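Notes for the structure review
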Amino acid sequence: MSSAGKVIKCKAAVLWGLKQPFSIEEVEVAPPKACEVRIKILATGICRTDEHAISGAMTTKFPVIVGHEATGVVESIGEGVTSVKPGDKVIPLCVPQCGICSNCLKPDSNYCDMLDIVGKGVLSDGTSRFTCKGKPVYHYMNTSTFTEYTVVRDVAVAKIDAAAPPEKACLFGCAFTTGYGAAINTAKVTPGSTCAVFGLGGVGLSVIIGCKIAGASRIIGVDINPRKFEKAKAVGATECVNPKDHTKPISEVLKEMTGDSVRYTFEVTGNLDTMIDALASCHKNCGMSVVVGDPPASSVLTFDPMLVFDGRTWKGCIFGGWKPVNDLPKLVSDFMAKKFNLDELVTHILPFDKIEEGFNLLKKGESIRTVLTFQH
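The protein has the name All-trans-retinol dehydrogenase [NAD(+)] ADH7 in an unreviewed UniProt entry, where Monodelphis domestica is given as its organism. Here is the UniProt Subunit (unreviewed entry) comment for the protein, exactly as written: "Homodimer." UniProt's Cofactor (unreviewed entry) comment on the protein is quoted here verbatim: "Zn(2+)".

And the structure:
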């Protein structure tokens, strides 16, 4: 029996309020409306950005289904959808690509006007497709992947190789794409250069992979959790540093280590102090620092303007600079052709109902990426 056009009842991890635990609930997922796609989720990664929604560091409406890094299969499509069809393997996109807004039309911009970074929590018609216990449940970052089924706009989905393994392909929904693109697209790391990566989670390790592929000769991983050093070196870091092992500021430590030759630094934690440390650590005149980690909502950064007056470049990075509908299928094809290996990024694979265990691993610093899988 086809489920197209019908309400689907399924399991989802609902957050009923700020700083509350996940509750596995039966939710109702409405059929897709015009220009929408309903997706059966196969695998979804746990990202620190999701934890920011729980803690309040990111603006979110409650109740909500979070999660934004996933792979799934199209279950049904709404009127007017031509980009995908039922049965296609896809990645929901937290950064859409409508192709018609002023930003999408710029060749060097990927900040689509339909990006929901302010926590609206609804689709284009101003309503949600999720209901639980008779109450609407909000969407999250255009995606909401901590559920067996979700509904997204057709501009927020990319078709990928049908053979791509879901547990790895889901990383292209955020972690790998963001980190790899920060090095390749945003910084444009040059061969023979020295790089420093602050934060060695899934995104940080993906930055290292990008730096290595770009030809960097020295890649220094920086983290206060030394348990992450082995994985960082496995993907390409030449050495790792724990700031807690030194009394000097980490910028001074890196200058001494490299003879003041760090050309590129990447901040991948979202910590405001670390952003300043990363900026101060690149060469004062020709260095570039890229902010990759999500900063806390409503926060203000104070810094010495001489850090940029001397000539440094300070850049932000959304989704690695990729135009997702165009570029994600190519990135997944590169992965399938073994251009890069993502084995070191996925440290835990858990069933969906173990979602709290997955977040505990993240909070304790015991995981790089935990992927949740669904038994449909």
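Taken in spatial order, the four strands make up an open sheet running β1-β2-β6-β7, and their pairing is antiparallel. Every other strand in the sheet has two partners, leaving β1 (8-14) and β7 (135-137) as the edge strands with one partner each. Between one strand and the next, the sheet's axes are offset by a mean angle of 45°, whatever the strand orientation. Summarising the sheet, strand β6 (residues 130-132) and β7 pair through three bridges and their orientation is antiparallel. For C132, the partnering residue across the bridge sits in β7 and is K135.

With that out of the way, let us pick up the UniProt feature "domain: Alcohol dehydrogenase-like C-terminal" (unreviewed entry) in the protein. The UniProt record annotates "domain: Alcohol dehydrogenase-like C-terminal" (unreviewed entry) at residues 202-334. Across residues 202-334 one finds 41% helix and 17% strand; the C-alpha atoms that close the span lie 19 Å apart.

With that settled, consider the packing of helix α1 (residues 48-55) against helix α11 (residues 355-363). One way to put it is that α1 packs onto α11 with a least axis distance of 11 Å and a crossing angle of 100°. Judged by the angle between their axes, α1 and α11 are roughly perpendicular. Residues R48, D50, E51 and I54 of α1 pack against F359, L362 and K363 of α11.

Quick notes on the rules
- Residues numbered from 1 in each chain as written.
- Predicted model: local features only at pLDDT ≥ 70, side-chain atom pairs only at ≥ 80, totals over all residues.
- Heavy atoms only, no water.
- UniProt positions renumbered as here; feature names shortened; annotations may be inferred.
- Pairing = 2+ DSSP bridges.
- Helix = DSSP H or I, 4+ residues; strand = E, 2+ residues; numbered from the N terminus.
- Axes fitted to C-alpha atoms, helices over the stretch in contact; angles between N-to-C directions.
- Parallel < 35°, antiparallel > 145°, perpendicular 65-115°, else oblique.
- Contact = heavy atoms within 4.5 Å.

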